[in-house]
Amino acid sequence: MKKDKMTDSLLNIQDLRKTFGGVVAVNDLNFTVLQGNVTSVIGPNGAGKTTVFNLITGFIAPTSGHIRFSGHEIAGKKPHLVAGLGIARTFQHIQIFPKMTALENVMVGRHLRSRTGLFSSFILPPFLRKEEKEVRDAAYKWLELVRIDDQAQKQAGSLPLGNQRKLEIARALASEPKLLLLDEPASGLNSREKMSMGDLIAKIRDTGITIMLVEHDMELVMDISDKVVVVSFGSRIAEGSPADIQANPDVIAAYLGE
């Protein structure tokens, strides 16, 4: 059961536009993400969903428009600055360090919030050893939350796909984000793993972390979302609760089937 949600707007997308040459990938898009909610963005391949994620996280700069996060204008900011403000993400195609252990992968994400620089991390003077232990302990905590702490010492590349996706989420959570962007977290998973992923997303939301989701699995989207935004050719065509979207004739015809 979903708990009561906050009503404060955490992320505001206003008149967001991105063109690549003559191709309009995102077309004057407007929507908001409320704090403490799960907001899903759905649409067919090529609708511009991942482009929106890339714009929010600073991987690409918008052609025009505004992206306001927690009171800050972040449109066009570099990825590390966006991350420092409290936005973390995962990717459609898993990006982990396969030769490192699961624990080490999560520790990499945690170092965004540490004071240890690259040079100091090699030397590790005594006054930083305590912080390194804190980073390790925090990494174990996030591995425990996603329920793969028993695989902490295994090479990340040896984990099954479902656990690799959970590992990538744990690494993102290690930076203590206010907003977590999940790009197709159920991609490639079987039915049991999708149910587990849905439970995990709900668990993360219930810790107070706001989630924005891009996903093609409609059963997962409708089960976990507080709000659904439907895009087509970079434009918003519908927005509302899962019940609203399921009852929208245009959405039913275009995306969910008659």
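Right above here is the structure, for reference.
Quantities reported herein were computed from a predicted structural model and do not represent experimental measurements. (Residues numbered from 1 in each chain as written. Predicted model: local features only at pLDDT ≥ 70, side-chain atom pairs only at ≥ 80, totals over all residues. Heavy atoms only, no water.)

Engineer: Help me out: how do you make sense of the overall build of the protein in this one?
Structural biologist: When helices and strands are tallied, the protein shows 10 helices and 10 strands. Taken as a whole, the protein presents about 12,500 Å² of accessible surface, with 52% of it coming from carbon and sulfur. (Helix = DSSP H or I, 4+ residues; strand = E, 2+ residues; numbered from the N terminus. Areas by Shrake-Rupley, 256 points an atom, 1.4 Å probe, with all protein chains shown as cover.)

Engineer: How should I be thinking about the layout of surface pockets in this particular structure?
Structural biologist: Over the atoms, a rolling probe the size of a water molecule traces out where space has been left empty. Its boundaries defined by the atoms lining it, the second largest pocket holds a volume of some 200 Å³. Considering the residues around the second largest pocket, the lining is formed by Ser 191, Lys 194, Met 195, Gly 198, Asp 199, Ala 202, Asp 217, Glu 219, Leu 220, Asp 223 and Ile 224. Listed by contribution, the elements that provide at least two residues to the lining of the second largest pocket are α7 (191–206) and α8 (218–224). Among the elements that make up the lining of the second largest pocket, the one with the highest residue count is α7 (six residues). Split into classes, the residues belonging to the lining of the second largest pocket amount to four nonpolar, two polar and five charged. (1 Å grid on protein atoms, 1.4 Å probe; cavity = no way out; pocket = protein on both sides within 12 Å on 5 of 7 lines; lining within 4 Å. Points joined across faces, edges and corners; volume = space filled by probe spheres on them. Nonpolar A, V, L, I, M, F, W, Y, C, P; charged D, E, K, R; others polar.)

Engineer: How do you make sense of the packing of aromatic side chains when you look at a structure like this?
Structural biologist: Any aromatic ring pair is given by two values, namely how distant the centres are and how the planes are angled relative to each other. Summed over all chains, the structure comprises one aromatic pair. Each ring, one from Phe 59 and one from Phe 91, has its centre 5.8 Å from the other, and the planes form 80°; the classification is edge-to-face. Here Phe 91 lies in the loop between β6 (87–89) and α3 (102–110) and Phe 59 lies in the loop between α1 (49–56) and β4 (64–69), a separation of 32 residues in the sequence. Residue class for Phe 91 comes out buried when judged on its relative accessible area of 17%. When the ring centre of Phe 20 is taken as reference, the NZ or CZ atom of Lys 18 above it lies at 5.1 Å. One residue, Arg 89, lies across the ring of Phe 59, its end atom 5.1 Å from the ring centre. (Phe/Tyr/Trp six-rings, centres within 6.5 Å; stacked < 30°, edge-to-face > 60°. Buried < 20%, exposed > 50% of the residue type's maximum accessible area, 1.4 Å probe, protein only. Lys NZ or Arg CZ within 6 Å of the ring centre and 35° of its normal.)

Bear in mind that shape data such as this cannot, by itself, settle questions of function.
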